[in-house]
Every structure is written in structure tokens, then in C-alpha cells.
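Summary of structural features
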Amino acid sequence: MGENIHTRWLNRWLPKPNPRSLSKPRDMLYAVDEAPPLGMTLALGLQHALLALMLSVYGVIAASELGLSGGAVQEFVSTCILVAAVGTLLQASATRFGAGHLVVHIPTPVTLGTFIAVAGTLGLEAAAGGLLIGGILVLLLSRGVSRLRSIFPPEVTGVVVTMLGLSLVQGGVERSLGLTAGAVVIDGSAALVAGLTLMIIIALSIWGGQRWRNYAVLIGVGGGYLVTVVFGLDLGQAEPSESAARLFDLPLFDLPLAELPTPVLVMAAALPMVMVEVVNAVDNFGNLLTLDKMNDADWRRADLPMVSRGIFAQGIATLLSGLTGTPSTGISSANIGLAFATGVAARRVGLIAGLFLLVFAFMPQVSALIANTPRAVVGAILIYTAGYLIVAGMELILSRLLNPRRVFVVGLAIVAGMAIVVLPELPATAPSWAEPLLASSLAVAAIVAVVLNAVFQIGVKQRANFPVPERTPVAAAQDFVDSQGTAWGARRIVIARAAQSLGEAIELIEPLRQPDSPPLLLEAAFDEFFLEFTLSYEGLALSMAPEVDQVDLASIMEDEDDERLERALDALPLIMLKRLADRIRVGKRGKLTYLQLRFEH
């Protein structure tokens, strides 16, 4: 009996992976559950691992900001790689504890600024304690992570992503120009290396093919590193010859773990760390959905059990980061792009990538090479990342229809975050418990955005009714949809589909209505997961005619059979309606007939 209860609890909170029948996209060579040849699997797994290694430079940035140097940086980076390897292996495993997809973890820039601010103000032990609390919360939220979308809608997440980009600007410019504390003197060699690195990354990202774009950062870092070594420029931590000698003096294999911190629970540290870990979970939610869509040509809705397992794996990796005192990891979007470019999204490649990362974590020479990445190269990466994140954040914000409520959420949150950037002395004037919270512009902006979003939602009704006028019913209904979409802050693309669908639906319903009957009644309902419109009227129900689902308009247009073409054109409104809406229901409510259209949001 006990075993049955235990099994039921597991099935409820950590659902087993359910094999699904996926329609593989045309440009996908090997989908998630397929097995590429062994040679291809090994080669692609190594590529993913190498890309993750280059992005582990965020661990170098954290170590540098925390004042570590020499061998301590190498050990810190090795530990970051170890945590990323565990996260990657969990995600690629077809178990209850991972997404079962080609998901590669890296030290995420999403939480980097807050980690550095908390650790620099209250100590690494306090940051580690905050990560443990954040990891536990992410584990608990993994079953209901989709509900976080109401707390972190795109405009709030967009604010966080934009502020994340802005927070990286200062460090990127200082490193790129070779600026040191208390001296505003530009180092020409640093500017040259940073400019060359950035130029390579941008050139490949714009003019390179899809395959080259995925390696843009990797090639840019290699180019900057090469120029630094060839011309004997400063590597940032040691002279080139000394760095090379130390690399060869290191053992081939060694334990990656340095002296582990003792996590301490400090509420002033836990609050910002928990906040950014929830944001990280929301960001990973989007990455997992991208992978889900990538593997299914007929994708219609999210595989929420898979997302739940993926967020659970993130929670485990965050706990491990807390135990080791390293920045938390997240899903690498660059590796998702690499999977898309190669056409191979098989999770077996993810398992191989995780194993390679695990081996690299025990090779001090690898982490030492990453730890000695020139400061100017790191600065170029930060500038590239900052520009990308700022635009990505703006895109998220503008993906929703904006009204005055949302304009103030976005505007005031960014102003609050920027106040910390332009007035760095401000945190020192705050009470001691609030100092670490105010030290992070990202955390300040995120908290202000979340609070204002909750406050401004007061008074917004989630349902609305609209009697459709007899004159110009289509235009009036579409205007109603647009106005409600703006009030709710719905996604632009979903509102556009809904407006077009309602136009088709009204055209189909008009001939079915009884003469002299009351006007059409349009009811609308919304939450963060769906948008629903119901047309009620007196008259006959609309026939769904399942045979129209098989109509191939392209082949009929090429056919010379006029009768077939005429029938297809008559069915076109219904065909369009079925293809635009995610779900259609037809039924009766007393004397009224209804047609209900639902759109996934």
C-alpha cells in the first residue's frame, strides 16, 4: 500500500515521460527520440559541449567580480562546468527528473548580476544560502510553473531581460577599453582586441550562414584570444608565457571542487536570489517550449508535463549551485540554435554533451584556459550579450498590446532599475537589510515590475460581453476584439488570429440566424493561457463538415475541374476558421445556439 501511495505521489508531482506521436518537421534530420549514427552523435555532442565551454566565461566574470585570482578562478570555473554538466545530463535523461530533450546548461547571465551583487555585499555564503532557497522554490513551483505566466507576463519578463542587458554594459565597456578603477585611460591594445572580437561575432551573425551564426561567439573568442597571444598582449591575469607554463604544469585530471562555502540564510540575500531564480525558471519555460515546437511540425499546445520536468531539473541544478557557491545555470539558447542549425535535436546528443562537460570539469587545463580568457575578449562578449538582451527584452515587451497600465509598469520599473545604475551610492543610504537588494538594478526593476503589474491588474475584468450591431457586424466585432486585447495585454499575433476568425465566423453564421432574431452576442474571456470568444444567436448550428479538413487548396487551384474549385471556394471560410482557431465548439444553451472559438495564448 505504501508503495502505491509513493507511486501516486510521484506520478502527480513528477509525471513519467509519455512517448508522444510527433510529426517530425521537414528540415529536422533527427528528432528528440531518434538515434543518429554514433559518429554523428559524438561529433555533435562535442560541438555542443565546446559551445557551452565558451559560454562558461560567465563563470570567469563572476570569479573576477568576487576578487578571485590565479588557481582559485580555475577551480571556480571547473565547478561551474561540473554543475552545468549535471544539469545537462538530467535534462537529456528520459526520466522523471528532466525534460528528455537536447538541453544544455551554462552559467546563466539571467542571474549573474544579482549573484555578484549579493555575494559582493553579504558574502559568498549568503549568496549560496539564497541559491538553496531559490532552488527549493523552483522545485516546488515546477508542477505549476505555467501559472507563473500571470505573475511574469511578457512585459515584466521583458523589463527583466532589458535591465539584464543594461547591467552588463558597464563591465563590458570597462573591460573592452582596458579601464581600471580610478583611472579613465583607454588601453589601445585592449580596444583593438575587443573590437576585433566583436567584429568577428557580428560579421558571422549577420552575413554568415545559419551554421556559422551558431559558432559566432566561439570563433570570435578564438580570434581575440589568438591575437592576444600572438602579439604578447596582457591576458588579464598573467603574462602569456606564464599562463602557458601554468597550463602545462597542471595535472591532466583533478577534482574540480574548490573549498565549498557554508551556506548561510540571510533574508536580505534570499529575496533577490529567489526573485531572479523565478525569472530564470520563466525564461527556461520559454526555451523548453521552443524545443517542443522544434520537434513537432503539428505543434498546437505546450507539453506541460515535459516543461514541469525540465524546470524540476533546473531546480536540482540550482541547489547544486548553492552547495558549491557558484552562479546558477540555465538553458543555453545558443545550443538550441545549434540544434536547429544542424537539424539534430536528439536527446542522445545532449547526453553525450553532458558527458563531455563532465570530463572537462575534471580537466584543470581546460578550465584554466577559460579562466585566462583576456579581459578585452570578455568585454566584447559582454557588449554583444548586452546588445542582444536589450533588444530581446524590447521585443518581449512589444509582443503584447500596450495600454497605459502596461506602459507605466514598463516605464517605472526601468526607471527604478536605472536609478541604481546612475546613482551607485544609493544602496549605501538604505537600511542594511535592503542594501543587497538595492545593489542589483535587475532585482529592483523586477520587483517594481511584478508589484506594479499586480496592482494595475485591479479592476481589469477577465470577461466582457458585446452585442454585435446589425450594421457592419464584422468590423464592429473586430474593433471589440482589438480593444479587449489592448485592455488585457494579449499577444498581438493571437489577437490578429482571433479578429480574422471572428470575421469568418460571423459570415458563416449570418445565413443560419432566424429572421428578426436578437443581435449576435459576443462574449470574450481571457487568462494568460487562452483567449476565448463565444458567439450566441437564435438559429441553426454551424456544421463543422469534417471532410473540409482534408481539402488541399494548393492542388485544387492547379486542377482544371471547375466544380471542385467552386466547392472548395464555398468551403474556404470554414477551412480558414478551422485553421485559425485552436479549438472550436458548437452547441445549444436553451434557445440559443453558440459557436465558441478558443486560442492558445
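Counting starts from 1 at the beginning of each chain's written sequence and moves along it residue by residue. Residue-level local features of this predicted model are given only where pLDDT is at least 70; pairs of side-chain atoms are given and counted only at 80 or more, and the full residue set underlies all totals for whole chains, interfaces and linings. To obtain the side-chain values, all non-hydrogen atoms of the structure were included, while hydrogens and water were left out.

1. Quick notes on the pattern of salt bridges
Within this document, salt bridges are pairs made up of a side-chain nitrogen of Lys or Arg and a carboxyl oxygen of Asp or Glu, the two lying within 4 Å of each other. A full pass over the atoms with the stated rule returns 10 salt bridges. The partner of Lys-24 in a salt bridge is Glu-34, and the shortest N-O contact between them spans 3.4 Å. With Lys-24 in the loop between α1 (2-13) and α2 (38-55) and Glu-34 in the loop between α1 and α2, the pair connects residues that are 10 residues apart, well separated along the chain. Three exposure classes are used, based on accessible area relative to the maximum for each residue type with a 1.4 Å probe and protein chains only: buried under 20%, partly exposed in between, and exposed over 50%. Among the residues examined, Lys-24 registers a relative accessible area of 37% and is labelled partly exposed. Here a strand is any run of E in DSSP of at least two residues, a helix any run of H or I of at least four, and the numbering for each starts at the N terminus.

2. Re the nonpolar core
Definition used in this section: a nonpolar core is a set of buried Ala, Val, Leu, Ile, Met, Phe, Trp, Tyr and Cys residues joined via side-chain atoms within 4.5 Å. Formed by 105 residues in total, the largest nonpolar core has its most connected members in Phe-115, Phe-152, Val-159, Leu-288 and Leu-357. Residue contacts follow a heavy-atom distance rule, with two residues in contact if any of their heavy atoms lie within 4.5 Å. Excluding its chain neighbours within four sequence positions, the residues that come into contact with Leu-357 are Ala-49, Ala-52, Leu-53, Ile-81, Ala-85, Thr-88 and Val-104. The next biggest cluster of nonpolar side chains, apart from the first, holds 33 residues, and it includes Leu-401, Val-468, Val-494 and Leu-520.

3. Focus on the side chain of Ser-328
Mapped onto the secondary structure, Ser-328 falls in the loop between α14 (304-324) and β2 (329-331). Among the residues examined, Ser-328 registers a relative accessible area of 0% and is labelled buried. Within the structure, Ser-328 has its side chain in polar contact with the side chain of Thr-111 (distance 2.7 Å). A polar side-chain atom of Ser-328 sits 2.7 Å from a polar atom in the side chain of Glu-277. If we ignore the near neighbours within four places in the chain, the residues touching Ser-328 are Ile-106, Pro-107, Thr-108, Thr-111, Leu-131, Glu-277, Asn-280, Thr-318 and Ser-321. Any N or O atom pair separated by 3.5 Å or less is treated as a polar contact, with the protein-specific requirement of one donor-capable and one acceptor-capable atom, and with residues adjacent in sequence counted only for side-chain atom pairs.

4. Focus on the packing of helix α4 (residues 71-92) against helix α17 (residues 364-371)
In the contact formed by α4 and α17, the axes pass within 8 Å of each other and the chain directions differ by 110 degrees. Taken together, the axes of α4 and α17 are roughly perpendicular relative to one another. Along the contact surface, α4 presents Val-73, Gln-74, Val-77, Ser-78 and Ile-81, while α17 presents Pro-364, Ser-367, Ala-368, Ile-370 and Ala-371. Residues belonging to the contact of α4 with α17 are distributed by class as follows: seven nonpolar, three polar and no charged. Axes here mean lines fitted to C-alpha atoms, for a helix over just the part in contact, with angles spanning 0 to 180 degrees between N-to-C directions. An angle below 35 degrees is read as roughly parallel, one above 145 as roughly antiparallel, one from 65 to 115 as roughly perpendicular, and any other as oblique. Here the nonpolar group is Ala, Val, Leu, Ile, Met, Phe, Trp, Tyr, Cys and Pro; Asp, Glu, Lys and Arg are the charged ones; every other residue, Gly included, is treated as polar.

5. Section: the sheet that holds strand β7 (residues 592-600)
The strands making up a sheet are joined through hydrogen bonds of the backbone, oriented either antiparallel or parallel. We call two strands paired when DSSP finds no fewer than two bridges between them. Strand order in the open sheet formed by five strands is β3-β4-β5-β7-β6, with antiparallel pairing between adjacent strands. Two strands close off the open sheet at either side, each with one partner strand: β3 (463-467) and β6 (583-589). Within the sheet, the average angular offset between the axes of one strand and its neighbour, ignoring direction, is 20 degrees. Bridging between strand β4 (residues 521-526) and strand β5 (residues 530-537) involves six bridges; their strand directions are antiparallel. Its bridge partner being in β5, Leu-522 is matched across the sheet by Leu-535.

6. Description of the layout of surface pockets
Here the idea is plain: a probe the size of a water molecule rolls over the atoms and shows the empty space left. Lining residues are those with an atom within 4 Å of a point, where the points come from a 1 Å grid over the protein atoms alone and group into cavities, where a 1.4 Å probe fits but cannot get out, or pockets, open sets with protein on both sides within 12 Å along at least five of seven lines. Grid points are joined across faces, edges and corners, and a volume is the space filled by probe spheres set on the points. The volume enclosed by the second largest pocket comes to roughly 940 Å³. Every residue lining the second largest pocket is counted, 32 residues in all, and those nearest its centre are Glu-65, Ser-167, Gln-170, Gly-171 and Ala-439. Those elements that provide at least two residues to the lining of the second largest pocket are α3 (57-65), α5 (109-122), α7 (154-167), α8 (169-177), α18 (375-398), α19 (404-422) and α21 (441-456). Here the residues of the lining of the second largest pocket sort into 19 nonpolar, nine polar and four charged.

7. A closer look at unusual backbone geometry
Phi angles above zero are rare outside glycine, and Thr-472 is one such case at about 45 degrees. Tracing the backbone shows Thr-472 in the loop between β3 and α22 (473-488). For Asp-516, which is not glycine, the phi torsion reads 60 degrees and is therefore positive. A relative accessible area of 82% means that Asp-516 is categorised as exposed.

8. Things to note about the confidence of the model for the protein chain
Values of pLDDT, ranging from 0 to 100, describe the predictor's confidence in every residue of the model. Looking at the protein chain, pLDDT values average 82 and 86% of them are 70 or higher. At the low end of the mean pLDDT range in the protein chain sits helix α24 (residues 553-558), at 54; at the high end sits helix α16 (residues 347-361), at 95. Across residues 237-242, confidence stays below pLDDT 50; counting only partners more than four residues off in sequence or on other chains, it has 10 contacts.

9. Looking at the pairing of β7
Most of β7 is tucked away, with seven of its nine residues classed as buried. Note: β5 against β7, eight bridges, orientation antiparallel. Residue Leu-535 lies in a different strand from β7, and its bridge partner there is Leu-595. Examined bridge by bridge, β6 and β7 share seven bridges and lie antiparallel to one another. In the sheet register, Lys-588 faces β7, and the bridge partner there is Thr-593. From the end of β6 to the start of β7, which pair antiparallel, there are two residues, and Gly-590 there has a positive phi angle of about 65 degrees.

10. Comments concerning the packing of aromatic side chains
Think of a pair of aromatic rings as described by two things: how far the centres are apart, and how the planes are tilted against each other in angle. Only Phe, Tyr and Trp rings take part, Trp by its six-membered ring, and two of them pair if their centres are within 6.5 Å. Stacked means planes under 30 degrees apart, edge-to-face means over 60, and tilted covers everything else. Inspection of the entire model under this criterion finds five aromatic pairs. Geometrically, the ring pair formed by Phe-97 and Phe-312 is tilted, given 6.0 Å between the ring centres and 40 degrees between the ring planes. Here Phe-312 lies in helix α14 and Phe-97 lies in the loop between α4 and β1 (105-107), a separation of 215 residues in the sequence. For Phe-97, a relative accessible area of 37% puts it in the partly exposed group. Since its relative accessible area comes to 14%, Phe-312 is described here as buried. Residues Trp-488 and Phe-526 carry aromatic rings whose centres are separated by 5.4 Å and whose planes lie at 10 degrees to one another, so their mutual orientation is stacked. Placement of the pair is Trp-488 in helix α22 and Phe-526 in strand β4, with a sequence separation of 38 residues. Exposure remark for Trp-488: the relative accessible area of 2% places this residue in the buried category. Over a ring means this: the NZ of a Lys or the CZ of an Arg is within 6 Å of the ring centre and within 35 degrees of the ring normal. One residue, Arg-589, lies across the ring of Tyr-594, its end atom 4.4 Å from the ring centre. In this arrangement the basic side chain of Arg-598 is found over the ring face of Phe-530, its NZ or CZ atom lying 3.9 Å from the centre.

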